[in-house]
Structure formats: C-alpha cells, structure tokens
There are 2 protein chains.
Amino acid sequence: MQHEAPIKLTVDAVVFGYAKNDGVSLLLVQRAYEPFKNEWALPGGFVLAEEKLETAVERELKEETGIHVNYLEQLYTFGDPNRDPRQHVVSVAYFGLVKSSAYLQLKASTDASDARWFPIKKLPSLAFDHKKIVQLAIERLKMKVRYQPIGFELLDKKFPFSDLEKLYAALLDKELNRRNFSKKILSYGFLEETGELAKPEGRGRPSMIYRFNQKRYNELIKEGYHFEI
Amino acid sequence: MQHEAPIKLTVDAVVFGYAKNDGVSLLLVQRAYEPFKNEWALPGGFVLAEEKLETAVERELKEETGIHVNYLEQLYTFGDPNRDPRQHVVSVAYFGLVKSSAYLQLKASTDASDARWFPIKKLPSLAFDHKKIVQLAIERLKMKVRYQPIGFELLDKKFPFSDLEKLYAALLDKELNRRNFSKKILSYGFLEETGELAKPEGRGRPSMIYRFNQKRYNELIKEGYHFEI
DNA sequence: TCAAAAGTGTTTCACTTACACCCATGA
DNA sequence: TCATGGGTGTAAGTGAAACACTTTTGA
C-alpha cells in the first residue's frame, strides 16, 4: 500500500442562471490545460488543506468566473476511480443559483472570454464525467423547484409576475394554466405585491411586480406548512 | 504547500433496520482505538486506492458488522476541516436499509459484541460528528418514506399489512387513520395479497399478508406515476 | 361471549381543474 | 379599435378525511 498515490479531492460547481430570452442556463468554463484542453467544463478545482468544501467552491467560482452565487447546496459526490484519466479524483459537486442581475453581469464582462452561460437545451460536450453531473443537477433543479422556493433565487428581488410564470413553465417543461398557477402560488402568502407595474414590452397589459418574502416563508415552514406546485 | 498532509477520504454508513418491538433502529459499532476509543460510532473507514465509494461502504459494513444492506444511497459529504481531531478527513456518508430478517440475524450473532442496533429514540452519544450525520439521515428517511417505497426495504418480502401500518406510523411519527392509510396505499396497485394470513399474536383478527411488487412499481413510475403518503 | 385487532362502505368537504370573461396597453 | 398579454370569478370534478360498522380471533 505504501507509495500509492493518495486519492485527490476536488469540488465542482453546477451553477444555473435565468434570463427570459435564454431560458435556464448553465455556467461553464473553457479548460486551459490538459486533459480536455479547450473543452468546456464545470468550474471547480482542488480543495486546499484545511479548507471547507463550500469555501473551496466559492473560491473556485470567484477565480474562474468572478461569479458569486446567492444559493449553494451540495449535490452529490462522484468517486469512480477512473473518472479522471490521471488518477483517482473524488469530486464533491455543488449546485448553485444566481439572480438574473448577476447573470447579465457575467455576460457583459466576459464576452469572448473563457466563462460563459449555455442554455441547458444547447449544452456543448463536456470534459470528464461532467455531463453526468449536469444531468443530475438539472433533475434536482426540476424536482426541487416544485416543493422549495428556489425559483426565486433565479429572479431578482423584485420581478414581474409573468416572469415567475415563464420561469416555472421553463423549469417544469410544460405549459401551465395561468389562472391556476397564480391562484396557487399567491394563496401561500409569501409573495408580496410591490404596487409597481412592469414597463410594458411590446403590447399587452403590463405585469404586476412582486417580491418574495423570505421571512414570511420561514414562518410558514415553522408552522408545518409545505408548499408544492 | 509542500509536505502538508493530504486530505484523507472515508465513508460512513448510516444503516437503519426495523423490528416491531424496537421500532426503527440504527446500526452502530464500538470503536476499538483512539480517538473516541470505546465510544459508539457509525460503521465506516478509509477508502482504498482505486476503490469505488459504494464498494468501500459495503466492504466496511461487512468487515465491521457482517451486515449486507439491500438498499444503499449516498447521503451527504462532510468536509469540515476539524471534524476529525487528527487531521482533515472528508467523509462521504451513505444511507442504508436492511430487512427485518437481517436485523434479527445481527441481534443473534453479535450479542454482547461490538456491533449493535440502537432504537433511534435511544441513541448513545456518538464519536466525531456522527450525531449530525445521523440526524440528517433520520430526516432523509422520514422525508423519503413519504414519496418513495423505501419502507418496504425495512420489511421482509412478505409482511402482514398491520406491520406496514405500524412502520409508517413509527416513521411519520404520528398515528394514521387505518382506513385511509390502507385505501391509499392499496389504491396504487403495487401491493399484492399473498392470500396468507399472519399467525395471530395474542388476540385479535390476524392480518393479511402482502408482498411488494417491485416490477409493477417500476411500471407505474414509467407511466409518470408518483406515489405519496 | 366479550374485548381486541383487522377489514370495509359511505358521506362530507376541500382542493384542483377547467372554462369564461374582463382589463390595460401599443400598434 | 383591435390584437395581445395580463388579471379574476366560478362551476364541475376528484380525492382525501372522517365516521360508523362488520369480521375474526383468543381469552
């Protein structure tokens, strides 16, 4: 057993963003070195000694993309001995979400650079086993959005109601009855009207602007409430 | 950075069993060495070079307890730098279930030895951060039992309907309306009557014996079915 | 023959679903 | 003034919850 290469530990981040035009998108970076040089991959890298896993993810995201996520949870740990051609590398994958504003920011600052958003319907081929990781993350996102208010992490603090509707339609991948969607989600009581109206784009009545009330949501959870779309 | 101790990787197994008298129980081992010598801990240990994580879990379980689980899924990865007093050890925790028969077997074979079942309502204090791991696993078990048929992994192939009822009452930690429970779970169609009757214990009408039809369940899942208690 | 445990029929109520209609805006 | 997108009221259908009753067993 002596002199065997020890198992290495990395983290990878599957970060989703949302914009009305692109739909749900995934943050990818282009690899600068072998293996898989020039291919697209998840942001991530080795965990430093004495470093927390979450810290490692946030550090790598900052370094490689400049992005700060406002939601982060652990996804799954991938440990197949040959997922990295060089040696046994175990990777703890995280699942992150950014608000629309951060989404647009990256788009502006790194145009033609090595970090980019890809709509999840048009993903390039990916390095390592990252395709598998991404698939799992997408499943998780689609499942989770149904019973936890993570949809709001993809929208700005204030958002037109119609955006929320479009986001859910995109995530659940089906058209939903407008009437029933609004009745249901408003009935929970954690959405607040701001009183503002969206400025109309093209024609049609402008949508009302809402805000997610995290405090109210936490109270409801304490009361044993359980929301589901 | 040279000469820093590399991060070590371990696996831990949170294995649950069920018996009518003890309720839901957790499999623990008594540590033979420092640190935490003689304290109770989750079965587990270091991942070998080129070893899959699941293989490592199953190997450690076999070595330390002789138990073979019939359900195993990854739970969470714990990576806090100081969760082990010796050095930075990252542990991938798994969540396992064994059927009643295996449960009773361990009870018989290792009586007064170093592996034992503890009812989850009467757990001893645990080594490392294992208490936290166990809490997460219990939450997962309670959540998951509501929308996935993992309850059957804790019962034998054939079981009296009343056992299923008691198991669910124990897991959900509330009394449930007998009439409605049976109507609901039987309506899904993945439970089969065997035609047998349980031999009565004490007085009262003997319960009918059922069997979980995994094939039928898989079909239902494919059809987009989604069960929930 | 009685208490205990298990099995079953039916009504009530709440919530989802579906449908229809009204309102505000730009072209 | 009309097409488009957004907001709202309500009837019909479906399924869970509650309740009451029957059956089978050992004491």
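What this report covers is the structure whose coordinates are included nearby. (Residues numbered from 1 in each chain as written. Chains lettered and ligands numbered in written order. Predicted model: local features only at pLDDT ≥ 70, side-chain atom pairs only at ≥ 80, totals over all residues. Heavy atoms only, no water.)

**Here we look at the overall build of chain A**
Here is step 1 of the chain: Counting its regular elements, chain A contains six helices and ten strands.
Here is step 2 of the chain: The buried share among the 229 residues of chain A stands at 49%.
Here is step 3 of the chain: For chain A, contacts bridging at least 24 residues in sequence account for 67% of all contacts bridging at least 6.
Here is step 4 of the chain: Accessible area of chain A: about 12300 Å², with a carbon and sulfur share of 49%.
Here is step 5 of the chain: Across chain A, the centroid of the 35 positively charged side chains sits 7 Å from that of the 32 negatively charged ones. (Helix = DSSP H or I, 4+ residues; strand = E, 2+ residues; numbered from the N terminus. Buried < 20%, exposed > 50% of the residue type's maximum accessible area, 1.4 Å probe, protein only. Contact = heavy atoms within 4.5 Å. Areas by Shrake-Rupley, 256 points an atom, 1.4 Å probe, with all protein chains shown as cover. Lys, Arg positive; Asp, Glu negative; His and termini not counted. Charge placed at Lys NZ, Arg CZ, Asp CG, Glu CD.)

**Some details on the relation of the copies chain A and chain B**
Here is step 1 of the chain: At an RMSD of 0.0 Å, chain A and chain B line up after a rotation of 180 degrees and a shift of 0.0 Å along the axis. The operation mapping one copy onto its partner corresponds to a two-fold rotation axis.
Here is step 2 of the chain: Both copies share a contact surface, since 100% of the interface residues of chain A are interface residues in chain B too. (Least-squares fit on C-alpha atoms with pLDDT ≥ 70 in both.)

**Details of the interface of chain A and chain B**
Here is step 1 of the chain: Opposite the 23 residues of chain A that make contact, chain B presents 23 residues.
Here is step 2 of the chain: Counting each side, the surface lost to burial between chain A and chain B is near 2100 Å², with a carbon and sulfur contribution of 60%.
Here is step 3 of the chain: Sorting the residues of chain A by area buried against chain B places Ile7, Glu50 and Gln74 of chain A first, and these three jointly supply 22% of that buried surface.
Here is step 4 of the chain: Linking chain A with chain B are zero salt bridges.
Here is step 5 of the chain: Those elements giving two or more residues to the side of chain A that touches chain B turn out to be α1 (53-65), β5 (71-78) and β6 (89-97) of chain A.
Here is step 6 of the chain: Residue classes in the side of chain A that touches chain B are distributed as eleven nonpolar, five polar and seven charged. (Buried area = accessible area lost by both parts, 1.4 Å probe. Salt bridge = Lys/Arg side-chain N within 4 Å of Asp/Glu carboxyl O. Nonpolar A, V, L, I, M, F, W, Y, C, P; charged D, E, K, R; others polar.)

**Details of the pattern of salt bridges**
Residue and element names in this part refer to chain B.
Here is step 1 of the chain: Within the structure shown, the criterion is met by 32 salt bridges over all chains.
Here is step 2 of the chain: Arginine 140 serves as the salt-bridge partner of glutamate 73, at 3.0 Å between the closest nitrogen and oxygen. Here the residue glutamate 73 occupies a position in strand β5 (residues 71-78), and arginine 140 occupies one in helix α3 (residues 130-144), the gap between them amounting to 67 residues.
Here is step 3 of the chain: Given a relative accessible area of 11%, glutamate 73 falls into the buried group.

**Structural notes on the protein's contact with DNA strand D**
Here is step 1 of the chain: Within the structure, DNA strand D sits among 21 residues, and Arg178, Arg179, Arg205 and Met208 of chain A together with Arg205 of chain B are positioned closest to it.
Here is step 2 of the chain: Each atom of DNA strand D within 4 Å of the protein was classed as base or backbone; sugar and phosphate made up 45%.
Here is step 3 of the chain: In this structure, lysine 183 of chain B approaches DNA strand D through a side-chain N or O atom, which is 3.2 Å from a base nitrogen.
Here is step 4 of the chain: Here a base oxygen of DNA strand D and a backbone polar atom of glycine 204 of chain B are 3.3 Å apart.
Here is step 5 of the chain: Those elements that place two or more of their residues in the surface near DNA strand D are α4 (161-172) and α5 (178-187) of chain A together with α5 (178-187) of chain B.
Here is step 6 of the chain: Looking at the surface near DNA strand D residue by residue, the classes come out as four nonpolar, seven polar and ten charged. (Near = heavy atom within 4 Å. Polar contact = N/O pair within 3.5 Å; in protein donor to acceptor, adjacent residues only side chain to side chain.)

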